[in-house]
Amino acid sequence: MPKITLHSTAGIETHEYNSANSLLQTIQKIGGEVFAPCGGNGTCGKCRVKVKHYGTVTSCLYYPTTDIEVILPDTKESKILTDQYKHTLKLPLNPCCLAANVHSPMGLGIDIGTTSMVFYWVDLKTGGIVNTTSVTNPQGRFGADVISRIGHCANEGGLEELQKVLIDAINKELIKLEENEGIINSDIVKVTISANTTILHLLLGIDPTPLALYPFTPAFTDYKIVAAKKLGIDINEQGGIHLLPSISAYVGADIVSGISSIAPRNEIKNYLFIDIGTNGEMAVVTPNEIFCCATAAGPAFEGANIKCGMGAFDGAISEYSDNGYKTVGNDKPIGICGSGLIDIIATLVNNGTISMDGVLTEDFVLADKNHSGNGENIILTPRDVREVQLAKSAIMSGIKILIDKAGLTYNDIDALYLAGGFGNYLNPDNAMRIGLLPMELADRIIPVGNTSGAGAVLHLLSEDFNDVLKSTVEKSQNIELSEHPDFEMEYAMNMYFS
Amino acid sequence: MEELYSKLSDCIEFGKINKAAPFPPQMKDQDGADEITKQLLDAGASADDVLQKGLIIGMEKVGVKFRNNEVFVPQVLMSAKAMDAAMVYLKPLFAESGGSQKGTFIIGTVEGDLHDIGKNLVSMMVEGNGYKVIDLGTDVKAETFIKVADENPGAIVGLSALLTTTMGNQEAITKAIKAHNTNIKVAVGGAPVTQDFSDRIGADCYSADPQGIVEYMNGVFAK
Ligand code: B12
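Residues numbered from 1 in each chain as written. Chains lettered and ligands numbered in written order. Predicted model: local features only at pLDDT ≥ 70, side-chain atom pairs only at ≥ 80, totals over all residues. Heavy atoms only, no water.

Explain the side chain of Q211(B) to me, please; I cannot follow it from the model alone.
Relative to the helices and strands, Q211(B) resides in helix α9 (residues 210-222). Non-local contacts of Q211(B), meaning those with residues more than four positions away in its chain, are made with E60(B), G63(B), V64(B) and R67(B). (Helix = DSSP H or I, 4+ residues; strand = E, 2+ residues; numbered from the N terminus. Contact = heavy atoms within 4.5 Å.)

Okay, structure coming up:
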């Protein structure tokens, strides 16, 4: 067997490795940490590492066979093996009709999240992903959550503004790609968009106001094809913009796309699908039925409402244990991101600093101002603990109620797929310790990365994916938690850390 | 008797519903609010005394602890459940005697909004402090608030909203109530609501927690 010598902040170590694995897999196997947000899908280009005497490689796409020496970057790492690709559906290449008419047909898949937009450039001749880029969602300046953006539509011209910034952002990426990769607009024959219901409304310039008020009625949930020309998106003149179908106001196309993109192993019959974000959408998928809901956990794990909370940027405390903290980029700490928050709470609950019922008697100093990166104390406050209780209990209560609705118990759940970037970074043991995820499913948690984007790509590659999407929607039923008699009690009791 | 009152106030403070209830663990197998209220009434205590010397004392402690962040939603909810168990016996007696409660509080979650956990906590805390509470539920329209306020002269109206979008309805409803009768006092609350917003829409009281509205009402009805 060939040998790998790994240089990292932890030191230098040498191991034998199996040359059938990608470099990323090898590194992860021996415990090295590489940021791989797409889960080794070859799509995001984030897992680049330095190979001595060779250069920088995208480690998930690089298959070494000889003795090598690898230097890991000092950046934020994902410590969980995310083998998303293993769980993604595979379909034969069968792109849309227009693809046959141009010389080198390309498709663009876009996952428009509330915070960021991810673009997947797909070669429709080979089926390969040529490039993945991402920008922050420009609607952010009109409000961090969808409800605030819907509120913005009450202003004169607000809706048009929200629509325009999205379309401008898409066109800007199209121009960039033309400049960088030489792909011409007329070769792009299809755009597939996966997003939540509100964003799909905004993209089409349809008033989303009814989505934010009971009874939360969307203007549309079905699969839509709109002429690119009509929206002013600069691709092939005859090209279409495909919007994936949604289920309800708060279980959107991103979830439908995500569920549809997963191909569980044969032995997995019933499973949970969870996106731990602000809206906290989740589903229990059984062979014949899908029960789904949005638990509205709130943005605590994105850093909002937390005194020193922040996104997973440089200087964010992203890991914590009795031995201390680790930050993104190994910078001096300037705040706490979601994964760090979970670790901190779990550690403090374990050592009794936070009681089972969530009492922290005084601010807990993680780094004092002499050691922090911004000259301020980095702390966890008693209120922060309450915010985490509100958020984690919403997720846990949703899980329990959905499983119950499906007539199942934890024993019947064969897997828990954690979708979304956050799922890749959180420490599952600590997530279970604080009661964000059920202890009962300990050995069945599988982070799967950005499934919403994976679904958009599948839709570009194959017309057959429409059938999968359709079946997901048909099998789904929306569980309205606000009408559920047990929700209040469940929600209150799941706030404990026991 | 005195000992029973203090036991009852403990049951409210710590959320002990009845003997069978497992919560709170440290009061396992002890009598709860249900049993003790019955014992008090059997021993000849008046409904009013049970309220004043038992429930209100316990509820006030919970309210203050909640405000000071010593307890959180689950404990308050259990206290409320314990109070409900006592109220089962007291309510019919108050109805007979014409009600010795200090005043009336009408509360609801505003039109377009279904969030009611916070509203329920407020409603139970106010009730536990000796007020009659009329809970109109969720998705409540201005007309309904006005109609019920008219039927209960002197009542204070509480509006809860948890969505930034339904804060607009909170404003519209406050204005509609004030336009109908400026003397009706309106209190507003809910996570996104602030003192500033409350002032701007012309509400009479804003509080971030239930104890604040209780104190406000104690002030209004003491006069
Ligand atoms: C639980 C919850 C739900 C439950 C509600 C269950 C129920 N029966 O109420 C469910 C899952 C059904 C739900 C649904 C939705 N929710 Co919701 N939900 C939450 C959550 C997690 C906690 C809210 C809560 O109960 N807090 C605990 C209580 C005790 O606090 P409170 O309500 O603030 O009340 C206290 C004070 O405000 C005050 N108070 C309250 N009312 C009053 C009234 C008066 C007069 C006074 C004086 C005081 C007062 O006293 C209370 C005790 O201290 C929050 C997020 C979070 N982390 O906070 C989102 C949140 C409120 N929901 C949100 C949204 C968007 C929704 C949905 C519209 C969409 C969705 N699914 O995401 C839906 C549909 C809503 C509906 N059906 O009405 C958003 C609102 C965003 C915004 N900008 O407005 C939040 C903030 C989450 C988020 N950021 O996305 N939700």
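Explain the sheet that holds strand β5 (residues 68-71) of chain A here, please?
To summarise the sheet geometry, strands pair through backbone hydrogen bonds and adopt either a parallel or an antiparallel arrangement. All names here are of chain A. Taking strand neighbours across the sheet as the criterion, the five strands line up as β2-β1-β5-β3-β4 in an open arrangement whose pairing is mixed. Because the sheet does not close on itself, it has two edges, and the strands there are β2 (11-16) and β4 (55-58). Strand-to-strand twist in this sheet, taken as the mean axis angle between neighbours without regard to direction, amounts to 30°. Bridge count between strand β3 (residues 48-51) and β5: two bridges; the pairing is antiparallel. Counterpart to V51 in the pairing with β5 is V70. (Pairing = 2+ DSSP bridges. Axes fitted to C-alpha atoms, helices over the stretch in contact; angles between N-to-C directions.)

Where do I start with the coordination of the cobalt atom of the ligand in this structure?
Looking at the protein side alone, the cobalt atom of the ligand has one donor only, H115(B) (NE2), at 2.2 Å. Note on placement: H115(B) falls in the loop between β1 (104-109) and α5 (117-128). (Donors = N, O, S within 2.8 Å, 3.2 Å for Na, K, Ca; no water.)

How should the packing of helix α4 (residues 73-97) of chain B against α5(B) be read in this particular structure?
Packed helices, taken two at a time, are described by the angle their axes make and the gap between the axes. Residues and elements named next belong to chain B. Remark: α4 packs on α5, axes separated minimally by 9 Å, with the N-to-C direction vectors making an angle of 50°. By the angle between their axes, α4 is oblique relative to α5. Here α4 runs over α5; the crossing is left-handed. Note on element contacts: α5 touches α4 through I117, L121, M124, M125, E127 and G128, opposite V73, V76, L77, A80, M83, D84, M87 and K91. Considered class by class, the residues forming the contact of α4 with α5 number 10 nonpolar, one polar and three charged. (Parallel < 35°, antiparallel > 145°, perpendicular 65-115°, else oblique. Left-handed = near helix turned anticlockwise from the far one by under 90°. Nonpolar A, V, L, I, M, F, W, Y, C, P; charged D, E, K, R; others polar.)

Which parts of the structure should I look at to understand the site of the ligand?
Within the structure, the ligand sits among 44 residues, and L114(B), H115(B), D116(B), S160(B) and T164(B) are positioned closest to it. The site occupied by the ligand is bordered by residues of chains A and B. Measuring from a nitrogen atom of the ligand, one finds a side-chain N or O atom of D145(A) at 3.2 Å. Of all the secondary structure elements, the ones that give two or more residues to the shell around the ligand are α14 (487-493) of chain A together with α5, β3 (156-160), β4 (186-189) and α9 of chain B. Looking at the shell around the ligand residue by residue, the class counts come to 26 nonpolar, 13 polar and five charged. (Near = heavy atom within 4 Å. Polar contact = N/O pair within 3.5 Å; in protein donor to acceptor, adjacent residues only side chain to side chain.)

Teacher, can you tell me more about the domain arrangement of chain B here?
When the parts come together, some accessible area is lost, and that loss is often what is quoted as the size of the interface. Residue and element names in this part refer to chain B. Here chain B is described as being made up of domain 1 (2-97) and domain 2 (104-222). Taken over C-alpha atoms, the centre of domain 1 sits 25 Å from the centre of domain 2. Counting residues at the interface gives 18 residues for domain 1 and 13 residues for domain 2. Summing both sides of the interface, domain 1 and domain 2 together bury roughly 1300 Å²; the carbon and sulfur share of this comes to 69%. Applying the counting criterion to the domain 1 and domain 2 interface returns three salt bridges. Between E215 and R67 there is a salt bridge, with its nearest N and O atoms 3.4 Å apart. Summed over the shared surface of domain 1 and domain 2, the result is three residue pairs in polar contact (both at pLDDT 80 or more). (Domains from an automatic or database assignment. Buried area = accessible area lost by both parts, 1.4 Å probe. Salt bridge = Lys/Arg side-chain N within 4 Å of Asp/Glu carboxyl O.)

How should α9(B) be read in this particular structure?
One turn of the α-helix equals 3.6 residues, which is why residues spaced by three or four share an orientation. Residues and elements named next belong to chain B. A rise of 1.5 Å per residue sets the reference length of α9, with its 13 residues, at 18 Å; its end C-alpha atoms lie 18 Å apart and thus fit the reference within 8%. Along α9, the positions that sit buried rather than exposed are P210, Q211, G212, I213, V214 and M217. Its buried side turned inward, α9 meets α3 (47-67), β1, α5, β3, β4 and β5 (205-206). (Expected span 1.5 Å × (residues − 1). Buried < 20%, exposed > 50% of the residue type's maximum accessible area, 1.4 Å probe, protein only.)

Honestly, the interface of chain B and chain A in this entry has me stumped. Any pointers?
Between chain B and chain A, the contact holds 25 residues from the first and 24 residues from the second. The contact between chain B and chain A buries some 2000 Å² in all, and 66% of this surface belongs to carbon and sulfur atoms. Sorting the residues of chain B by area buried against chain A places N69(B), F72(B) and L114(B) first, and these three jointly supply 30% of that buried surface. Here chain B is connected to chain A by five residue pairs in polar contact (both at pLDDT 80 or more). Counting residues per element, the ones that place at least two in the side of chain B that touches chain A are α3, α4 and α5 of chain B. Sorting elements by how many residues they give to the side of chain B that touches chain A places α4(B) first, with six residues. Here the side of chain B that touches chain A is built from residues that sort into 11 nonpolar, eight polar and six charged.

Help me out: how do you make sense of the domain arrangement of chain A in this one?
Assigned domains of chain A: these are domain 1 (3-73), domain 2 (106-253) and domain 3 (308-380). The C-alpha centroid of domain 3 of chain A is placed 29 Å from the C-alpha centroid of domain 1 of chain A.

Please clarify how the pairing of strand β14 (residues 290-294) of chain A should be interpreted in this entry.
The two faces of a sheet get side chains in turn, since along a regular strand they alternate between them. All names here are of chain A. Among the five residues that make up β14, four are buried, leaving the element largely enclosed by the rest of the structure. The turn linking strand β13 (residues 281-285) back onto β14 is made up of four residues. Relative to strand β22 (residues 476-478), β14 runs parallel, the two sharing three bridges. By the bridge assignment for β22, F291 is matched with Q477.

Help me understand the side chain of H201(A), please; the structure alone is not making it clear to me.
Residue and element names in this part refer to chain A. With respect to the helices and strands, the residue H201 is situated in helix α5 (residues 197-204). A distance of 2.9 Å separates a polar side-chain atom of H201 from the backbone oxygen of T197. Contact partners of H201, with chain neighbours within four places excluded, come to I206, D207, P208, L211, P218, A219 and F220.

For this particular structure, what's the right way to read the nonpolar core?
When a protein is soluble and globular, its nonpolar side chains tend to lie buried together. By size, the foremost hydrophobic cluster in this structure holds 113 residues, and its most contacted members are I276(A), L380(A), L436(A) and L437(A). Here the element with the most residues in this core is α4(B); it accounts for 12 residues. The residues touching I276(A), leaving out its near neighbours within four places in the chain, are F301(A), I395(A), L418(A), A419(A), F422(A), L426(A), L436(A) and L437(A). Membership of the second largest hydrophobic core comes to 53 residues, among which are L166(A), V191(A), I241(A) and A283(A). (Core = buried A, V, L, I, M, F, W, Y, C linked by side-chain atoms within 4.5 Å.)

Would you take a moment to explain the sheet that holds strand β8 (residues 129-136) of chain A for this structure?
Residue and element names in this part refer to chain A. What the six strands build is an open sheet, ordered β8-β7-β6-β9-β11-β10; its pairing is mixed. Looking at which strands have only one partner, the edges of the open sheet turn out to be β8 and β10 (224-227). Pairs of neighbouring strands in the sheet enclose a mean axial angle of 20°, with direction left out of account. Pairing analysis gives four bridges linking strand β9 (residues 188-195) to strand β11 (residues 240-243), with the strands arranged parallel. In the sheet register, I193 faces β11, and the bridge partner there is L243.

Can you help me understand helix α1 (residues 2-14) of chain B in this one?
All names here are of chain B. In this model α1 runs 18 Å from its N-terminal to its C-terminal C-alpha over 13 residues, within 8% of the 18 Å that 1.5 Å per residue would give. For α1, the set of buried residues is L4, Y5, L8, S9, C11, I12 and E13. G15 occupies a position one or two residues after α1 and carries a positive phi of about 75°.

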